[in-house]
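A closer look at the structure
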Amino acid sequence: VVDVLLSYGQFIQAGDKKYVLMRRGVVDLILRASEHGPGHGLPVSFLNMSGHDHHGVSRTNEARLVDGKLILASRMEAEADSGREVALMTRLFISNVCLHLSTTVGIIDKIWQTFEQAVASMIVGSEKSEVFKCPFCETDHQVHVKKSDGNRTRIVLNVWRNYGRRHGNKLSNEQIFHRDPVLRLDADTVSQRDVRAAFKSKTGCTLSIKT
């Protein structure tokens with residue numbers, strides 16, 4: 001009961017009216033269908049959706065089952081006029097990063113410092129990319145920034161989430177639902193983790209998440 005009360009869902013959004021609240025129940029239904037057949041849950045394609053919101057942000061979500069684990073890749077992309085980059089970045093981060101990244105001291109500071117330095121030093125045609133891994137759950141983030149013509153900046157936020165298996169999940173998969181995680185993961189394990197690579201190891205899906 002305590003686990004359910006402390007468990008949070010996260011909105012996975014496509015357009016203004018297309019979204020899924022990713023909670024344990026949704027994950028369990030998808031994994032049940034994979035394990036026992038379509039009559040026992042939801043197809044993994046249930047999470048595949050794309051669209052634009054009223055801010056002009058392009059959103060694409062694609063889910064895959066890899067070795068019994070549910071991995072969801074989300075891509076948010078938009079352009080900002082000069083001087084509006086931080087506002088756009090804030091909008092992307094607030095609702096799309098994992099439950100822990102924006103509140104983790106040190107990591108969030110590094111993200112903003114890296115982002116602001118990149119924007120300040122960029123010229124037309126240049127681009128920079130940085131990966132940030134949550135030290136509490138199995139979620140990896142990538143921020144990609146490119147300076148385009150007209151002094152505009154294209155910002156892409158990619159997020160890969162590993163929700164794990166139905167049975168025998170690790171702490172990193174359990175904590176993906178908790179704002180107040182129990183334990184920080186081993187630094188070496190986090191540094192070697194690559195959810196994006198695991199996601200890409202499974203081919204044959206209809207949507208394509210660009211890098």
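A brief look at the structure comes next. Since the structure is predicted, the reported quantities are computational estimates derived from the model, not experimental observations.

**With respect to the sheet that holds strand β5 (residues 69-81)**
With respect to topology, six strands assemble into an open sheet ordered β3-β4-β5-β8-β7-β6, the strand pairing being antiparallel. The outermost strands of the open sheet, each flanked by one partner alone, are β3 (49-52) and β6 (127-133). Each strand axis lies, on average, 15° off the axis of its neighbour in the sheet, ignoring direction. Bridge analysis of β3 against strand β4 (residues 58-66) gives four bridges, and the strand direction is antiparallel. Within β4, the position partnered with H52 by the bridge is S58. Of the strands in this sheet, β4, β5 and β8 (152-164) touch helix α2 (residues 24-36), which is tilted by about 130° from β5. Each of β4, β5, β7 (139-148) and β8 touches helix α3 (residues 85-96); the most contacted strand, β8, lies at about 15° to it.

**Examining the pairing of β4**
For β4, the tally of buried residues reaches eight of nine residues, placing the bulk of the element in the interior. With antiparallel pairing between neighbouring strands as the criterion, β3 and β4 make up a hairpin whose turn holds five residues, including G56 at a positive phi of roughly 85°. Pairing of β4 with β5 involves nine bridges; the strand directions are antiparallel. Paired with A63 across the two strands is L72, which belongs to β5. Where β4 folds back onto β5 in an antiparallel hairpin, the turn is made up of two residues, including D67, whose phi is positive at roughly 55°.

**Regarding unusual backbone geometry**
Positive phi outside glycine occurs at D67, with the angle close to 55°. Mapped onto the elements of the fold, D67 is located in the loop between β4 and β5. The exposure class of D67 is exposed, given its relative accessible area of 62%.

**Considering the side chain of H178**
Among the secondary structure elements, H178 is positioned in the loop between α5 (171-174) and α6 (187-192). Here R24 takes part through its side chain, which lies 3.2 Å from a polar atom of the side chain of H178.

**With respect to the environment of L42**
Tracing the sequence through the fold places L42 in the loop between α2 and β3. Taking the C-alpha atoms as reference points, L42 and F11, separated by 31 residues in sequence, lie 17 Å from one another.

**Digging into the nonpolar core**
The nonpolar side chains of soluble globular proteins are, as a tendency, buried together. The biggest cluster of nonpolar side chains holds 43 residues, and the ones touching the most others in it are M22, L47, L70, F93, I111, L157 and Y163. Elements with a contribution of two residues or more to this core: β2 (19-22), α2, β4, β5, α3, α4 (107-121), β7 and β8. One finds A73, W160, V195 and F199 within the second-largest nonpolar core, a separate group that totals six residues.

**What about α2?**
End to end, α2 covers 18 Å across 13 residues, agreeing with the expected 18 Å (1.5 Å per residue, within 8%). For α2, the full list of buried residues reads V26, V27, I30, L31 and A33. Buried residues along α2 cover an arc of 155° about the axis, so they all sit on one side. Turning to α2, the residues buried within the fold contact β2, β4, β5 and β8. Positive backbone phi, at 115°, marks G37, one or two positions downstream of α2.

Cut-offs and rules
- Residues numbered from 1 in each chain as written.
- Predicted model: local features only at pLDDT ≥ 70, side-chain atom pairs only at ≥ 80, totals over all residues.
- Heavy atoms only, no water.
- Pairing = 2+ DSSP bridges.
- Helix = DSSP H or I, 4+ residues; strand = E, 2+ residues; numbered from the N terminus.
- Axes fitted to C-alpha atoms, helices over the stretch in contact; angles between N-to-C directions.
- Contact = heavy atoms within 4.5 Å.
- Buried < 20%, exposed > 50% of the residue type's maximum accessible area, 1.4 Å probe, protein only.
- Polar contact = N/O pair within 3.5 Å; in protein donor to acceptor, adjacent residues only side chain to side chain.
- Core = buried A, V, L, I, M, F, W, Y, C linked by side-chain atoms within 4.5 Å.
- Expected span 1.5 Å × (residues − 1).
- Arc of directions from axis to C-beta.

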